[in-house]
Structures are given as structure tokens and as C-alpha cells.
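# Geometric and topological summary
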Amino acid sequence: MTEPTFRDQLQSSLGSAYTIQRELGGGGMSRVFVARDESLGRDIVIKVLPPDLAAEMSAERFTREIKLAAALQNPHVLPVLSAGVANRLPYYTMPFVRGESLRATMTKNSLPADDALGILRDVAKALRYAHGEGVVHRDIKPENILLSSGSAVVVDFGIAKALSASRTEAPGGTLTLVGTSIGTPAYMSPEQAAADPKIDHRADLYAWGVVAYELLAGRHPFSDRITPQQYLAAHLSETPPSLRQLTSTVPGAVMDVIMRCLEKDPNHRPQSADEILSQIGATTSDRLSPLSKNHWQGLVAAAVTILLLVGGIAFWKTRLTAARSSNIMLAVLPFENQGPAEQDYFVDGLTDAVNGKLAGLSGVSVIDRRSTLAYRKTTKPVKQIGSELGVHYVLAGVVRWANGTSGWRAQVMPTLVNTSDATTKWAGEPVIVSSDDPFSAQTEIATKVAGALQIALGADEKRDLAERPTQNVQAYDAYQRGKALLENTSRASFSVREVDQAIFELKRAVSLDPKFAEAWAFLSAAYGNRAFEVSGDTASQRLTTQTAKRAWELDPQNPFSILVWSAVLFRGGDREEGVKVVTDAIQNGTVQPDLLTAHAWDLLRARKIDSANAVMARAVRLSPRFRQIRIEAGGFAAVQRKWSEANFHARTLVSLDPTDERGWADLAQSARNQGDTSTMRQILEEALRYIPSPSNLLRVHMVYAGHDMGMKFIRMTPEQLRIETLRDSVRTYYDNKADYFLREGDAAKAKAYHDSIIAKLAGRNISGPTEANMRSYLAYAYAATGRISEARAESERAIEAARRWRQFETDGVTPSRDGRIRAGILGYAGEFNAAVAELRRFLPETSWTPRGLYLEPKLLVLRGNPAFEAFAKGN
């Protein structure tokens, strides 16, 4: 009589519930069988711990821990279905995935870079989810990554913890034994290799880095090791070769984050999977998941944001296939104007147009031109540029001028360079451009670049390359001039005169060609900027809507027509249609960073967090060095309270230009929102080393960073603060100085500044998008000076103004941006419970924390109230 096999014993223990079909094999921790779940009529996988391992552990504790892992539910995490003990052998079941492991795929052939990055993104998303649930995998490796239907899923989440807990609890179980047996030596983090019992989620990020390195380089970081001991020693003490030495098909930002994951010290690695995803990007096909109210913030004033994002926007019209299958990253550097300075606007427009035409091609992703502006006349090596932008090629050009018989003529000499080795891919013959024909050169250059990159052009793409925004060259010249002027308004500060000059040129363009859609769109943006800056400019408010509608009617596929029209719809109250306009454009394949950021905010408002973050990451990937996109991405992270990610974007701004105040201001605001005045002070001290004479963008934060730094602000005059508008006068000068003296406990001086706000605003005709905000400041000034009835009335007017301008985020009762101000007003009225209720409603819609609000001068009146003290403690 033959001895029963292990399979026979297992089948006997399982009874009739499962029918074992075959053994798949297994690893050091389990034997793996495919079985039929008879009750549900489906195939499952049964993983059974072998007898020698089971003898060392508590089966009861193992089963209990496995059930905790079963709570994980994510598209990139293979769930545990059940767990139990059969014939004293612990087992657990999982769905059967029809596909193969990443290891099997890697063994057969190398993957294209895009496919490899897609797999790595999926694994990072699985880690992001599991880590958020408090589960660390501890055995990330290609064998535990399954590929099926174009997606990657990670298996065995929670198993390592279950083994560790159950073996520690078993008779004779030791932490040393657990530390040396759980995990795979080739993928262990240094802390695992050292048997450190305090393993956290960053061990998984290290293992992700090893897998990523192996997948993209085609070799393990320590490929010459053989034994487990050799692998462990290498993880502990050796530095792997740089990925840049082994591959040239991967964006520099991706290589950098992988090498950071392989740092020995966990503190030097990325601190979350979110940080990895922000660098490697994601796809728009992410699973849509609900967003907890505790982590959702209201939409940043979308209409205003869109109207301000006008710098250097190209016409990016592309097919959906291009958005999904691009594998070449290209940057068009600012063409060099070797002629008169007054022709700079034309050369910039030519660069922008070539950029836009190339962005419409399948098979290539083009960096937003605003991210390349810093490379004008650069002396940086092309390899460094490629690394900074994460591109495979850069296109540069030189423009030389000559006078023609009628107007001007110029020669454009383009050059396409491979960033991996700085070799010239293509240098075309000079392309002629003239005042009579500014368009043909755009088409010719883009077509020849496509040929050099071996991009096949279909009939539609050839038509798009030849397309002209207008047939009227005078209208096009006026448009280029107006757009160049408007581009300056994307700075932190600008004069209304610049906007008026842009309006003049753009009006001339549309008068010369009334069907020039893109000129109408830019004209709408110009009017929108003016309406935002000049309180009471109802004419510009009306013209913003009229010109946006005209642009949309003429060309509903133009990205900028979409942006301005969706903004008008949003502001006009038809929020649903405004969102639909942007969503339809994205789904139809229009790829443009500002559209992507608008879409990301829409998705966040709809609480589709994964998709929202993926879309924002894509916008950053297409425009990695453009100031406004980084600002949007930082704010986007902040409203989700992802402080490290928000600070990463702000620090990126600082690294791009330490004299640009916005990065420093965002870092300071992040610290202020968290109530971290010490860090805020350090940031400001560091910033002042680069910016000894900052503008109000940075100076206003000095009020909240201590007595001496606040006094530097208090001594500033309106001229020194460069106050130009009534809004800035009230918000930046009087209100912030009042806040300083409130914080210092000097009520008399605070009252003097509140009286000044009343004198400036009371009885004044205030209108426009800033009306609600201005009336809130006036209401608070009334309250702080004891005029409670007037404060109540003005607060209601602020709410009504917000209702007219559609500035509510959720409940339609209180404009979220002024929730803390309204709470302060209620505090002065003695309505403490109502004030705290206001703060509780306000908190989920902003990036503030209870600690940050507790330190706000406007809420000092609430100090000592039990409800407010409980709120400040997070209760």
C-alpha cells in the first residue's frame, strides 16, 4: 500500500468544499495548488504552509492575521478569500489569475520601457493603498507580481506579518528566526538584511526599487551575487551601478527615484509610494475610488486659475492613441533669436507653434514649452537638460534675419539632439520664414522632426501639421504680440497696463479675422485677468463671457477655447457642464497640461482620488519645470494633506529659481497650515538669504513667524510692499498688520488697522470675483471693533456675493475660503458653538489643520472656549 502524498492528505483535510486540480509549485513559505471551489464554481489558488514551517508557528494566530489581510480591497492587490487549518496545516485561498508572474515574463523577453513603467506604476499603487491601510508586504519581488489583462497585481500582502506574528507566538519562536527567514535575500532592504525588528513601509519601497532596476536595466542591481549571504551583504554595504550607465530609454526622473529607493538609510528614500508615483507618473485609467470627507478639500477657484494660466500655451490637439502609446519624450527648447529684440515675440511664437504641432503626433510626448523657457540661451550640457526634463531628444533652433523686398525674411536652422549621448539626430537645411508666410516653416520643421524620429504620419496628422490658425498674416502677428504680452501676466505680479496692451493687440487680431478662435480665447483670458484684478470692472466680466463663448463656437476642440469656456460655465453656475466640457476633451484625446490640471481638480471634487492624482501627475510629467503647474500640483497635494508631496513641489520651484518667491511662500503656507511656526520661521530665514527684499507674496508670512520677523513686515510702507490694487491694500497691508497686533496682544493697534479697512471699504461699490473675499474682511473688521450688527450684515453680503460668483464648494452656505474669517466673526458675537461648527465644516474643504487654525490670530477670540479647545486637539 503506497503512502498518501501531501496532495492526498490536503484533499482529505479539505473535504468536498474544494477539489484540487494541480500543483503550481511554490516558494519557501508555501506550496501552491489550483483548486475548484465547488460552492461557487470557480477556480482558486490554495497556498499551504508545509509541515516543517507549520510546526514552528501558531496556526490559530496565523489564521487570525490572514483574516486581517483579507480586508485589503484594491485592483492591484490580489485579495485573500479565506483562511483555515487542514490537518494541522495552515492555508489560505486567493482568486486564480489567468496570466503569468513578472518573473516568467522577464525570463522570456525584455519589456518595452512603457510597458515596464506601467507595471511599476501598478505595483506602486498597490503599495500606496496597502501602506495606507497599515500593511507592509516585506517580500516584494517579481514572483509576487502577476500580470493579467494588461495590469499588474501584487500577491501575498499581509502574509509576512502573519508568519512573523504566528512564529513569534509559537513555542520556541524567536524574532531572530523570523527576521532571517521572511523575505527573499535578493530583494531584502538593508534593515531586513540586518534583522532589524522595526521594519516599516520603506522596506517595500526599497524592494520596489530593486524590482524596477532589474526590470528596466535587464539585470539585478547586484547581478554578480549568487548566495543569499552575498545578496544580504551587498544590500547592507554596496552601492549598485547607476541606472544611467545601463539604459537610455527611461526618463531621468524615473531613474532618479529608483536610485533613491535603493538608499541604505530609509530616511533617504522616498517616504511614500505617492512620492514615487509623482515622479514616474500614472495613467488616466486609474480606478475611481471614493474620497473621504476628512481628506477632501474644495476646488481651488478653478475659473480664476484657468484664466491666469495663459503663459505660452500651445495648440495641443492630439488623438487618443497618442495619449496612450507615446514612447518618445521630446522637448522643444526656445529658438535663439539672432536678430533684433523686437522680433523676440515672433521667435517665441514660432517655437510655441512647432511645439504644439509635434505634440499632436502619435508616438511622441512633448514637454510643455513653459517648462523649457529656462533653457533660453542655456549653456547646460544636453545630457543634463535631458535628465532634468526626462526627455530622449531636444529640438533647438537658431533664427537669423534679413530684410526682404516687402517686410522681413528669416532663416530657421533646427537641430534635433539625442540627450543620451549628445549626438545630433538631425540637422535640417535652413527653413525660410517671412512676414508674408509665417506658417509654412512651422509645418516643415515639425514634419522633418517626425521623419527623423521615424514617426509614421497618417492623413489626419498630415492635415493637422498643415493646419493654420488663421489665413490672415496681420491677424496672426497681432495675436502673437498680444499673447507675448499676456504671457507676462503669468508672473506673481504684473500691471493692469500690460493686460490692457494685450487686449489691444488681441482685439486687433479678431477684428482682422473674426473667425480666429485661438485669438478669441486669449482675448477672453485677458479680459478675465483684468476683471479679477480691477474691482468693479463689470465690462471686462461681461466681455470675458462673450469672447469665451465666441472661441468655443468657432473651435470647440482648441484646448484654450475649452479652458476659457469651461471657466465661464463654472463661474456662471453651470458647474456640471463646465466639468463635462473638460472631461470630454480629455477623453477625446486632447492633451494639454492646463486642461489636465483642470480635469484633476474636477476628479478630486468628484472624490475620484486615484484618477485625480494620476491626471495631475501626468500634467507634471508634461510640464515638469513650469512654475504654475508645480503650484497647482503642490496645492493639489496640500488639499489632500500630503505634506511631503506638497513640499516636494514647492522645493522644486525653489530649485528652479531660488529668487522666485512662490516656492518659498508655498513652503511657508504649508508650515502655517500645520501650525508649525518653527519650521515656518526657518523657511523664511532661508528665503531671505536669496530674496533680501521680498514682495508681499512672501512678506505676509512674516507676520506669523515671530515678533522680530513680524516687525520687519510692520515697518513696510504700501510702496515698499508694492501695493497696487484695493484688494492687495486691504488683504496684504491692513488685514495682515491687524493680524500681527492681534497676535501680539496689542488690541489698540489692531483696531487702528481694522478701522482703516472699514474706511476703505464701507459704502464702496465692490463687485467682481473678489467681492466675497473683500466683504469678509470688512465684516471681520466690523466684528473686531465691536460693531456686531454691521458685521453680521456684511457677512451675509459676502455669502450672497459668493453665491452670485459660484464660489461655494459643498453646502452652498459658506464660501469655504472665508470659513475661518466667519468663525472669528461668530466668536466676537459670542456664538462660540456656532463658530466651532463653522470651523468643522470648513476644515475638510481646505489644507488647514486644527493646530494651524488654533494659532490663527483671527481665531484668538475663541481661545479658552471648551469646544474650540477640543477642536484644536482633533476631538
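Note that the structure is predicted; figures quoted are calculated from it, not measured. (Residues numbered from 1 in each chain as written. Predicted model: local features only at pLDDT ≥ 70, side-chain atom pairs only at ≥ 80, totals over all residues. Heavy atoms only, no water.)

## Some remarks on the overall build of the protein
The number of helices and strands found in the protein is 40 helices and 15 strands. Expressed as a percentage of its 875 residues, the buried residues of the protein come to 59%. Once local pairs closer than 6 in sequence are excluded, the contacts in the protein between residues at least 24 apart make up 65%. With an accessible surface of roughly 34800 Å², the protein has 50% of that area assigned to carbon and sulfur atoms. (Helix = DSSP H or I, 4+ residues; strand = E, 2+ residues; numbered from the N terminus. Buried < 20%, exposed > 50% of the residue type's maximum accessible area, 1.4 Å probe, protein only. Contact = heavy atoms within 4.5 Å. Areas by Shrake-Rupley, 256 points an atom, 1.4 Å probe, with all protein chains shown as cover.)

## Comments concerning the sheet that holds strand S7 (residues 145–148)
Pairing within the open sheet is antiparallel, and its three strands lie in the order S6-S7-S8. A single partner strand is all that each edge strand has here, and the edge strands are strand S6 (100–101) and strand S8 (151–154). When S6 meets S7, the two strands line up antiparallel, connected through two bridges. Each residue of the ladder has a partner; that of Glu100, found in S7, is Leu147. (Pairing = 2+ DSSP bridges.)

## Here we look at the packing of helix H5 (residues 113–132) against helix H9 (residues 202–217)
Put simply, H5 and H9 touch, their axes get as near as 10 Å, and they point 175° apart. In terms of their interaxial angle, H5 and H9 are classed as roughly antiparallel. In contact with Ala116, Leu117, Ile119, Leu120, Val123, Ala124, Leu127 and His131 of H5, H9 contributes Asp204, Leu205, Trp208, Val211, Ala212, Leu215 and Leu216. (Axes fitted to C-alpha atoms, helices over the stretch in contact; angles between N-to-C directions. Parallel < 35°, antiparallel > 145°, perpendicular 65-115°, else oblique.)

## Comments concerning the packing of aromatic side chains
Scanning the entire structure with this criterion turns up 18 aromatic pairs. Ring geometry for Trp601 and Phe636: centres 5.0 Å apart, planes at 85°, overall edge-to-face. Here the residue Trp601 occupies a position in helix H25 (residues 593–605), and Phe636 occupies one in helix H27 (residues 627–639), the gap between them amounting to 35 residues. Since its relative accessible area comes to 2%, Phe636 is described here as buried. Ring centres of Trp664 and Tyr690 lie 5.7 Å apart, and the angle between their planes is 25°; this geometry places the pair in the stacked category. Here the residue Trp664 occupies a position in helix H29 (residues 661–673), and Tyr690 occupies one in helix H30 (residues 677–690), the gap between them amounting to 26 residues. Exposure remark for Trp664: the relative accessible area of 0% places this residue in the buried category. Connected via pairs of aromatic rings, a cluster forms that spans Phe439, Tyr476, Tyr479, Phe516, Phe522 and Phe560. Of note, Lys858 hangs over the ring of Tyr780, and the distance from its end group to the ring centre comes to 5.5 Å. Sitting above the plane of the Tyr854 ring, Arg863 keeps its charged end 4.1 Å from the centroid. (Phe/Tyr/Trp six-rings, centres within 6.5 Å; stacked < 30°, edge-to-face > 60°. Lys NZ or Arg CZ within 6 Å of the ring centre and 35° of its normal.)

## Here we look at the packing of helix H26 (residues 609–622) against H27
Two numbers describe how H26 lies on H27: the axes approach to 10 Å, and their chain directions differ by 155°. Between H26 and H27, the interaxial angle falls into the category roughly antiparallel. Between H26 and H27 the crossing geometry is left-handed. On H27, the residues touching Ala612, Asn613, Met616, Ala619 and Val620 of H26 are Ile629, Arg630, Glu632, Ala633 and Phe636. (Left-handed = near helix turned anticlockwise from the far one by under 90°.)

## Observations concerning the nonpolar core
Most often, soluble globular proteins have nonpolar side chains that are buried together. With 55 residues, the main nonpolar core has Tyr479, Leu486, Leu506, Leu523, Phe560, Leu595 and Phe636 as its most contacted residues. A per-element tally of this core places helix H21 (residues 517–533) first, with eight residues. What Leu523 contacts, discounting residues up to four positions off in sequence, is Ile503, Leu506, Lys507, Val510 and Thr547. Counting 49 residues, the second-largest nonpolar core is a separate cluster that includes Ala116, Leu120, Tyr213 and Met255. (Core = buried A, V, L, I, M, F, W, Y, C linked by side-chain atoms within 4.5 Å.)

## A look at the pairing of S7
Burial along S7 is two-sided: Ile145 and Leu147 and Leu146 and Ser148, pointing in opposite directions, are all buried. Where S7 lies against S8, four bridges are found, and the strand directions are antiparallel. Note on S8: the bridge partner recorded for Ile145 is Val154.

## As for the pattern of salt bridges
Applying the stated criterion across every chain, the model contains 45 salt bridges. Lys47 is the partner of Asp156 in a salt bridge, and the nearest nitrogen-oxygen pair spans 3.1 Å. With Asp156 in the loop between S8 and helix H6 (159–169) and Lys47 in strand S3 (residues 42–48), this pair connects stretches of sequence that are 109 residues apart. Neither residue differs from the other here; Asp156 and Lys47 are each classed as buried. (Salt bridge = Lys/Arg side-chain N within 4 Å of Asp/Glu carboxyl O.)

## Points about H5
Since the α-helix packs 3.6 residues into each turn, any two residues three or four apart lie on the same face. For H5, built from 20 residues, the straight-helix expectation of 28 Å at 1.5 Å per residue is met to within 8% by its first-to-last C-alpha distance of 28 Å. The buried fraction of H5 is high, at 16 of 20 residues. A positive phi of about 85° marks Gly134, the residue just after H5. (Expected span 1.5 Å × (residues − 1).)

## Here's the deal with unusual backbone geometry
Unlike most non-glycine residues, Asp156 shows phi in positive territory, near 70°. When its relative accessible area of 6% is taken as the criterion, Asp156 is described as buried. Unusually for a residue other than glycine, Lys377 sits at a positive phi of about 55°. Here Lys377 shows up in the loop between strand S11 (364–366) and helix H16 (382–389). A residue is classified by how much of its surface remains accessible, and Lys377, at 63% relative accessible area, is exposed.

## Points about the environment of Pro559
Within the element layout of this structure, Pro559 appears in helix H23 (residues 559–571). You can call Pro559 buried: its relative accessible area is 0%. Expressed as a C-alpha distance, the spacing of Pro559 and Pro593, which sit 34 residues apart in the sequence, is 9.7 Å.

## Examining the environment of Asp114
Mapped onto the secondary structure, Asp114 falls in helix H5. Separated by 135 residues in sequence, Asp114 and Thr249 have C-alpha atoms that sit 9.3 Å apart.

## Some remarks on the pairing of S3
Burial within S3 is extensive, with six of its seven residues counted as buried. Where S3 meets strand S5 (residues 89–95), five bridges bridge the pair, whose relative direction is antiparallel. Bridged to Ile44 within S5 is Pro95.

## A look at the side chain of Asn418
Among the secondary structure elements, Asn418 is positioned in strand S13 (residues 408–418). Owing to a relative accessible area of 17%, Asn418 belongs among the buried residues under this scheme. At 2.6 Å, the side chain of Asn418 forms a polar contact with the side chain of Ser420. With residues up to four places along the chain from it excluded, the contact list for Asn418 reads His392, Tyr393 and Thr423. (Polar contact = N/O pair within 3.5 Å; in protein donor to acceptor, adjacent residues only side chain to side chain.)

## Some points on the environment of Asp368
As for its placement among the helices and strands, Asp368 is situated in the loop between S11 and H16. With a relative accessible area of 1%, Asp368 lands in the buried category. In sequence terms Asp368 and Asp594 are 226 residues apart; their C-alpha atoms lie 9.8 Å from each other.

## Examining H27
With 13 residues, H27 ought to run about 18 Å at 1.5 Å a step, and its terminal C-alpha atoms sit 18 Å apart, in line with that. For H27, every residue scored as buried is listed here: Arg627, Gln628, Ile629, Arg630, Ile631, Glu632, Ala633, Gly634, Phe636, Ala637, Ala638 and Val639. Directly after H27, the chain includes Arg641, whose backbone phi takes a positive value near 60°.

## Some remarks on the confidence of the model for the protein
A low pLDDT score tells you not to read the predicted coordinates there in detail. Across the protein, the average pLDDT comes to 80, with 84% of residues at or above 70. At the low end of the mean pLDDT range in the protein sits helix H14 (residues 320–325), at 35; at the high end sits H9, at 94. For residues 489–493, every residue scores under 50 in pLDDT, and the model assigns this stretch eleven contacts once sequence neighbours within four places are set aside. (pLDDT = per-residue confidence, 0-100.)

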